[in-house]
Each structure stands twice: as structure tokens, then as C-alpha cells.
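# Summary of the model geometry
So the chains spell out like this:
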Amino acid sequence: MPDPAARGAAEEASAFSHPAVPPDASAAYGDHPDQVVDFYAPRGGGNRVPLVVALHGGAWRAPYDRRHLTPFVDFLARRGFAVANVEYRRGSDIPRQGGAAPVAGRWPETFDDVAAALDALPGLAAAHLPQADTGRIVLTGHSAGGQLALWAAARHVLPAGSPWRLPAPPELRGVVALAPIAHFGRAVELGVCGGAVTELLGDPSSYEERAAHTDPALLLPTGIATTVVQGRTDVDVPYAVADAYAEAAAKAGETVGVTLLEEVGHFPLIDPAADACAVVAEEIAQLAW
């Protein structure tokens, strides 16, 4: 049996081996340089096609931006989707004192940005991606971006007084979350991404209060169709995190679909060269069309 770490490293190298794909158009949703959305038109034409909104991963850390997701985004565009690739503010490039990895996330800017981008998208898409049918939106996101996708779909169930709360459910066909950091408690227990969850939420004394506004496992039920795609051999975000989220959903009276892929790790889900990526596209299509 291959060493899981070695397999994971090979899968990551494959996913990151593809050149970045430039967008067909870009638009700002705010004044900060990271407040931008890149648009990809459906390859081969098509009009009024579903819009996939993609949120990249990278543990909410600054070195990982939307560019690494562009081969996956282009793969979806070649499958006939219109795609919006969202950037958002992430943590500092500089590690915390005594730490080795860059800081994960900014509080509250990371969530400010995702909320603002999703609120602005229908208008931005109408102006910059007229092929998109904004009545058929599917959210997807990988890893930390999967957490953000689940969170964006749950803004109508945020605690009262939350600045990000919506008065009604967002108009979505559904969410396809790819190896998402979907259950903060389990992710913290497992030390996912080097403690990225606790860094994302910042001040330890505010952890519980902030988790109540951001942990997808605490924001259930949403009433929005949700599928999690997860590799069983994922060493970055183990499938136990997806399991815990699905269990939390069931306890809340909601069914979350979990597609568990054998002999698949973290990165094949966004690697156009991997069979797992085609499975992801099919899961999106099931909700979109």
C-alpha cells in the first residue's frame, strides 16, 4: 500500500502542475485588490447556462489564491458551465510569533468578502458573463473554500444580529463542497491544516462566539441541497470531518449527500487530469441542470 503522505504529495504535485488559465472577464466587488471575481464563459458557446460559483482553498492563507483553482474552473467551463472564480482576503504572509505557516484567515474580512461577493454576483454576472443564468447557481469550494461555500449557503440561519445574515435563503440550486473543513470541532481535534481553524477565528477568548457565526456544522438545517465530495485517503482534511458534518446535519433533520471516493486524496477533486474531477463535475451537473 502506498504511503499516504507520499500519495498526497504526488496528488498535490499533479493538481498544481497545470498552468493558470486566464479569465474571460474580471470585475471588482469592492475596493481591496483581493475583492475581485474572475468570469469564465462556457467553452463552445451556450447561453443561459448554469453559473458555478467557485471558492478556492488553501487554509484561508495568503500564499494560496484563486489562480491555483483556474485549471479546475476551466475544466467546468469546458463542461458547459459559466463559472465565477471568487477571490477574498486571507491571512497574512507572515507567520504568527513562534509559528511556521502563514496565518490563516482575517477576522472578519474573510467573511465580509465572501458575503459581499455573493451579494454582488448576480449583477456582476449580468454585466460581464451574460451567458450565465443567475437563476441556476451552484456553489462549490475546495477545502477551506468548501467551508466558505457551505457558510455562504447558510447565511439565512446565522444568529440574529450577524452582519452577514440574510432575511431569506439565498437563491441557489445547491452546494457541492469538496473535502470541506465543514465541522470545526472535528477539524480542531485532528489539527487540520496546522490549526488553521483556530487561526481563522482569531482571539481564543472569542472562539465559541465566532464559531457560532461561521462553523457550517452549527448552521443547520439550511434547506439547501448539499453534497460533499470527499476522498477516503485525504490526509489534509480527513473524511472524518465530512462524516461529522453529515452526522450534524442528520441530527438537525437534514440529509447531506456524501460521495466518498476510494483511493482518492485531497487534490484530485480539483485536478482536471484526475478521474475524481469528472465526478465533481457530474455532482455539480446533478444540481445545476
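This text goes with the structure placed above it.
Residues numbered from 1 in each chain as written. Predicted model: local features only at pLDDT ≥ 70, side-chain atom pairs only at ≥ 80, totals over all residues. Heavy atoms only, no water.

### A word on the pairing of strand 5 (residues 132-142)
Both faces of the sheet carry side chains from a regular strand, because those side chains alternate between them. With nine of its 11 residues buried, strand 5 lies for the most part within the structure. With seven bridges joining them, strand 3 (residues 49-55) and strand 5 adopt parallel strand pairing. What sits directly across from Val-52, in strand 5, is Val-138. Pairing geometry for strand 5 and strand 6 (residues 174-178), over five bridges, is parallel. In the sheet register, Val-138 faces strand 6, and the bridge partner there is Gly-174. In this fold, the crossover linking strand 5 to strand 6 by way of helix 4 (residues 144-152) has right-handed handedness. (Buried < 20%, exposed > 50% of the residue type's maximum accessible area, 1.4 Å probe, protein only. Helix = DSSP H or I, 4+ residues; strand = E, 2+ residues; numbered from the N terminus. Pairing = 2+ DSSP bridges. Right-handed = clockwise from strand over helix to strand, strands pointing away.)

### What about the packing of aromatic side chains?
All told, the structure shown has seven aromatic pairs when counted by the stated rule. Where Trp-107 meets Trp-164, the ring centres are 5.7 Å apart and the plane angle is 85 degrees; that geometry is what we call edge-to-face. Remark: Trp-164 occurs in the loop between helix 4 and strand 6 and Trp-107 occurs in the loop between strand 4 (82-86) and helix 3 (109-128); sequence separation between them is 57 residues. Every member of this aromatic cluster is reached through a ring pair, and the members are Trp-107, Phe-111, Trp-151 and Trp-164. Against the face of Tyr-239 rests Arg-232, its NZ or CZ located 5.1 Å from the ring centre. (Phe/Tyr/Trp six-rings, centres within 6.5 Å; stacked < 30°, edge-to-face > 60°. Lys NZ or Arg CZ within 6 Å of the ring centre and 35° of its normal.)

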